[in-house]
Amino acid sequence: MRAFLALAYDGRFDELPKAPAASTEPFERQVRHVLRVRCIRAEHVAIATLDERPERVTLHADVAMSKRDPLASSAWSPVEIVPLRFVLARQGDTWRVAEVQNRDDEHAEALLQLRGEERERRLRERPDRLSKGLSRALYARTLTHLNSGAFKDAADASALALRVAREVGDRGGEALALGAATYTATPEKMATLSEESLAIAHTTGDPDVLARAWYDRGRTIVTFVHLAPAARGAAIQECYRAARRLAARAEDPAILIRVLYSLANMAVHHADYLGARLHIDEGAALAREVGDGTGEMGLEMVLSTVYLHQGDIERGLFHHTRASDLAGKMKAYAYPTLLVRSGTLLADLGRYDEARARLAPMVMRDQNGVIVTTNVMPGRHMGNALRGLAMIEANRGNFAEAECLNREGAAIGGSHPDAHMYELAPHYARRGNDAGALALALASLARDGLMEHQRAHALISAGRAYQSLGIIDRGLAVAYEAIEIREALDARTAGDERQQAIAANATSAIYELAAELTLARGSAVEALALLERGRARVQTDILENGRPGSSAEVDAAVREQQAALDREVTLVRTQLDRAQAAGGNTTIELTERLNRARAARASFLDGVRARSERQHAVRRQIDAAGVLRLAERLPSRTVAVEYFVGEHELYIFLLDEKGVRVRTKRVERKVLEERVSVFLERLANSDLRVEAAGRELHALLIEPIERDIAGADALLIVPDDSLWSVSFAALVDRRERFLVESKAIFYAPSMTAWSSIADARKRAESPPVSLLAIANPTLDPAAGKVAASFYRNATLGPLPDAEHEVDAVRTLYDPRQSLVLKRDQATEARTKAALRNASVAHFATHAILDDANPTYSRLMLARDSDTAEDGWLESWEVARLDLNADLVVLSACETARGRVGGGEGVVGLSWSFFLAGASSTLATQWKVASDSTAGFMIAFHRTLRAPATNPALHKAQAVREAQLHCIRDKRTSHPFHWAPFVLLGDPSVRTDD
């Protein structure tokens, strides 16, 4: 058999005439993969049969190829012959292209298998095989060996590539080979080789060659060129920027991917996480498109680092695992290093036994204690491994060994031996050695080379040590220095609201340290200002500046990609629910798949946020005068009570028309947490001993301020730490009265957030729908079974009391401006659409709290078969809605709960409704009986719809009246029935309601 494909063609390979061969995959894609190009042109092909079998035919094709320079004046580069082999496979009466092979690659591999005289004889016997294509194929083999860590083989391949390039006059190949040789040369020769490569590259004018030469030069400077830090950084930037400009014109996409990876790495080094995300997302998309596994692996590693630096261990581990999986499949040289990095991450998480099992086998020493063999990349990664082992030893109390390991790790990683000693300081402090902790932190701060987030950690350790030692002024000085660094880092945080919250919590901890030190100097107003600057940072930022990365700011392609990721999460979650309901054995696999799908979507959305043109606006800075202005905004006869839980003291700030005062109560944090836990357990279990626990907490939380709040009608509570779980309404005074019997109570994550919510509410127009009520949605049967068996024996059965509840509530509102959705009508799609126009949104449905990840806590709705919605309104979905609601009532279990963040309060369903634009939420702190909930809610709405005697506090008074209504009824008098309901946000109502 003989086959011909005759071409005179300047278009796409998938438009070729198919005679006699037909392909289910375009020629173009296969040829691109083989030649590692994006834009190609075939001018003519001559094909002859080499091998013939009934079902498979192998053909030679000498293709005259040219490549396009998109920015050059001429459309195409000079033509060169590329020898290809096409493998055709029969498919019925036609043939498909099963494989495309580059014969230069095969020749290069054959030469590299030979050594010495045998190789020389082959070169002499077949001089016709020497070509530009062979030179480039040998260069490609060099890169493959470098990526797999076979440096001796890489040196051999680059030397042979250089020889062939010089013999055939391929100046571009010569420059590439010299650049590749820098990675296996001695430090003394690296700079010379990279300079020679760059000089030759300039004579070619080829953007592929020039981009590579600039990139190799940049990598050489990073690794071995010794310059002053400023000059070194400028030189590296010059190289990478030049490489980036040229890579945009280059044919080989691999070079652009490497340049983007290096630029992302540099951005991370300078804590420019937004900039890093731009490079990462562009490079990763291209790497996946062209099948560049090595490039994708490197970018996943950098993305993992971004998340880890921002404090998000969960997503950092996700992308680290992605990189490890890619490295393992490719048997990449980086794979052992990634395993070691897993160990250091486990050490950072405090999982010391797992970390030691991962790290110890990688560190092998001779009889003198010197590391002699390891599969881990030398330098920084091995240094991190030793520092991870140091933290393990410090946790065990072996401080001498820990210090030795840390210093050795720093030295191997290229840092001063003292540079990372701050990592051990917290371990010293936990064992009461504050002087030792301070010495370690100061030793690190005295050295250059720490990244900004590392320097902030060292400063915090120093500040805490100064505090414990009573050296207040120095402690405050380093705290302010750490605050300056953290504020700059927060402004460059890449990601969505969750990422912002994680970063904000780290910053909040420093503000709390500064506040405690300021209190030691006797300034309550300044201390409260510091606390306010550290709390509710994300909520306040969004309320005042809006949300970057909204759907209106992205194009259709991005929205479609997000929709596809959303559909994948919905599909996998539905499959998991059904598998769990059926008791199948695929639940572990599906759970892992769901976690991957969720993480992929979250990372994508973080990238959208980072690419948004709108960056963080300047955050409003609260000073002492600003705190006093907040007091002026409080409703009359209202006292703001802001708590701060220290390790040994409870600080209670009071703010009203009299100014700012602070009261203290000596109590250990652990003791306070234990008493809160006992109180909550008795409340949630309807225990008759709850009043005794309530009295104990009242003595700690309220008695120190009883005189200050005696004349107040209402309290604005700003909790802290474990106090976010406390129902202050149920605290019992010495006269056996609940606090709610004398005060209306509402909550906020900070005074500043409360003020911003009130401002946003004043700017908002009244929505056209006064009431949207969701009641007793029809649940997918499979999801109900899952809830019973998987979600801690939760019962998601029908809620007839909920229907009674919303029917009664509806009679209190104008029926022309009300919408009630029940059962099958209460679908997720209809609910989302209606929420945009609702003034009061009332959910009488089930809720499920996700303790592990509160952004996946959810409200149960009905599933609509006509949409992609799955019937679960999750917290992350809520945060992306655009609401103008005056009040969101979450008449479901545990909707006020979530993960307590150091600065953001409770991150969960209520938090998400605030991010979406709600002015206030009425939520619950534990599971409540459906009938008593209905009674409470009807009483609440009845008071809410009555004429307001004090509009500024009307919502809070409505909550109080509903709680008093329950107390007066013997069937619901126990605080189990009424205490879980908490009002967060703005307690006022519009006077025109």
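Residues numbered from 1 in each chain as written. Predicted model: local features only at pLDDT ≥ 70, side-chain atom pairs only at ≥ 80, totals over all residues. Heavy atoms only, no water.

Novice: Would you mind showing me how to read helix α16 (residues 380-395) here?
Specialist: Residues that lie three or four places apart on an α-helix share one face, since the helix turns once every 3.6 residues. If you check α16, its first and last C-alpha atoms are 23 Å apart, about what 16 residues at 1.5 Å a residue would give, namely 22 Å. Most of α16 is tucked away: 13 of the 16 residues are buried. Just downstream of α16 lies G397, where phi reads positive at about 90 degrees. (Helix = DSSP H or I, 4+ residues; strand = E, 2+ residues; numbered from the N terminus. Expected span 1.5 Å × (residues − 1). Buried < 20%, exposed > 50% of the residue type's maximum accessible area, 1.4 Å probe, protein only.)

Novice: What's the story with the packing of aromatic side chains in this structure? I'm lost.
Specialist: The relative placement of two aromatic rings is captured by the distance of their centres and the angle of their planes. For the coordinates displayed, the defined rule picks out eight aromatic pairs. Measuring from ring centre to ring centre gives 5.5 Å for Y643 and F728, while their planes differ by 40 degrees; the resulting arrangement is tilted. One end of the pair, Y643, is in strand β7 (residues 638-645); the other, F728, is in the loop between β10 (714-718) and β11 (744-747), with 85 residues separating them in the sequence. Just as Y643 is buried, F728 falls in that class too. Judged by centre distance (6.0 Å) and plane angle (50 degrees), the ring pair of F843 and F913 falls under tilted. Placement of F843 in strand β14 (residues 838-844) and of F913 in helix α36 (residues 909-916) is noted, with a sequence separation of 70 residues between them. We note that F843, like F913, is buried. These aromatic residues form a ring-pair network of at least three members: Y643, F728 and Y747. (Phe/Tyr/Trp six-rings, centres within 6.5 Å; stacked < 30°, edge-to-face > 60°.)

Novice: Please clarify how the environment of G413 should be interpreted in this entry.
Specialist: With respect to the helices and strands, G413 occurs in the loop between α17 (399-412) and α18 (425-430). C-alpha of G413 to C-alpha of R387: the two residues are 26 residues apart in sequence and 9.9 Å apart in space.

Novice: Please clarify how the sheet that holds strand β17 (residues 872-874) should be interpreted in this entry.
Specialist: Backbone hydrogen bonds are what pair the strands of a sheet, in a parallel or an antiparallel way. Within the open sheet, the three strands sit side by side as β15-β16-β17. Their pairing is antiparallel. Edge positions in the sheet fall to β15 (847-848) and β17, since each has one partner strand and no second. Where β15 and strand β16 (residues 858-860) come together, two bridges link them in antiparallel fashion. Following the sheet pairing, I848 is matched in β16 by R858. (Pairing = 2+ DSSP bridges.)

Novice: What is the right way to read the nonpolar core from this model?
Specialist: As a rule of thumb, nonpolar side chains are buried together in soluble globular proteins. Of all hydrophobic cores here, the largest spans 191 residues; its most connected members are V641, Y643, L672, L701, F728 and F940. Not counting residues within four places of it along the chain, the set of residues in contact with F940 comprises L887, V889, L922, K955, A958, V959 and A962. Counting 25 residues, the second-largest nonpolar core is a separate cluster that includes V363, A390, Y428 and L440. (Core = buried A, V, L, I, M, F, W, Y, C linked by side-chain atoms within 4.5 Å. Contact = heavy atoms within 4.5 Å.)

Novice: Which parts of the structure should I look at to understand the packing of helix α10 (residues 253-269) against helix α11 (residues 273-290)?
Specialist: Geometrically, a packed helix pair is captured by the angle between its two axes and the distance between the axes. Packing of α10 against α11 leaves a shortest axis separation of 8 Å and a crossing angle of 155 degrees. In terms of orientation, α10 lies roughly antiparallel with respect to α11. Like other packed secondary-structure pairs, α10 and α11 cross with a definite hand, here left-handed. Residues P253, L256, I257, L260, L263, A264, A267 and V268 of α10 lie in contact with α11, whose contacting residues are Y273, G275, A276, H279, I280, E282, G283, L286, A287 and V290. For the contact of α10 with α11, the per-class residue count stands at 14 nonpolar, three polar and one charged. (Axes fitted to C-alpha atoms, helices over the stretch in contact; angles between N-to-C directions. Parallel < 35°, antiparallel > 145°, perpendicular 65-115°, else oblique. Left-handed = near helix turned anticlockwise from the far one by under 90°. Nonpolar A, V, L, I, M, F, W, Y, C, P; charged D, E, K, R; others polar.)

Novice: It is not clear to me how the pattern of salt bridges should be interpreted in this structure. Could you clarify?
Specialist: Once their charged atoms are close, side chains differing in charge can pair, the charge on each being opposite to the other. Applying the stated criterion across every chain yields a total of 52 salt bridges. Among the ionic pairs, D292 bridges to R258, the shortest N-O distance being 2.2 Å. In this pair, D292 sits in the loop between α11 and α12 (293-309) while R258 sits in helix α10, placing the two residues 34 residues apart along the sequence. Accessibility assignment for this pair places D292 and R258 in one class, buried. It is possible to trace a salt-bridge network through shared partners that takes in R115, R119, D153 and D156. (Salt bridge = Lys/Arg side-chain N within 4 Å of Asp/Glu carboxyl O.)

Novice: It is not clear to me how the pairing of strand β21 (residues 920-924) should be interpreted in this structure. Could you clarify?
Specialist: Looking along a regular strand, one sees side chains alternate from face to face of the sheet. Here β21 lies mainly inside the structure; five of its five residues are buried. By the alternation rule, side chains of β21 split into S920, L922 and T924 and T921 and A923, which are all buried. Summarising the sheet, strand β18 (residues 887-890) and β21 pair through two bridges and their orientation is parallel. In the strand pairing of β21, V889 is matched with L922. Bridge count between β21 and strand β22 (residues 981-985): five bridges; the pairing is antiparallel. Residue T924 lies in a different strand from β22, and its bridge partner there is F981.

Novice: Explanation requested: the confidence of the model for the protein chain in the structure shown.
Specialist: Detailed reading of the predicted model is not advised wherever pLDDT is low. Looking at the protein chain as a whole, the pLDDT averages 81, with 81% of positions reaching at least 70. Below pLDDT 50 for its whole length, residues 42-51 participates in 46 contacts with residues either more than four positions away or in separate chains. Throughout residues 894-900 the model reports pLDDT below 50, and contacts reaching past four residues in sequence, or to other chains, amount to 40 contacts. (pLDDT = per-residue confidence, 0-100.)

Novice: I keep staring at helix α21 (residues 472-491) and nothing clicks. Help me out?
Specialist: Taking 1.5 Å of rise per residue, 20 residues should cover 28 Å, and α21 covers 28 Å from first to last C-alpha, within 8% of that figure. Buried residues of α21: I472, G475, L476, V478, A479, A482, I483, I485, R486, E487, L489 and D490, and no others.

Novice: Mind showing me how you'd approach unusual backbone geometry here?
Specialist: A negative phi angle is the norm for most residues apart from glycine, just as the trans form is the norm for most peptide bonds. Phi at D721 takes a positive value of approximately 55 degrees, unusual for a residue other than glycine. Within the secondary structure, D721 is located in the loop between β10 and β11. Here D721 falls in the partly exposed class, since its relative accessible area comes to 23%. Here R823, not a glycine, exhibits a phi torsion of approximately 45 degrees, which is positive. With respect to the element layout, R823 can be found in strand β13 (residues 818-823).

Novice: Please explain the environment of K331 as it appears in this structure.
Specialist: With respect to the helices, strands and loops of the structure, K331 is situated in the loop between α13 (313-330) and α14 (335-348). You can call K331 exposed: its relative accessible area is 70%. Spatially, the C-alpha atom of K331 lies 9.2 Å from that of N147, the residues being 184 residues apart in sequence.

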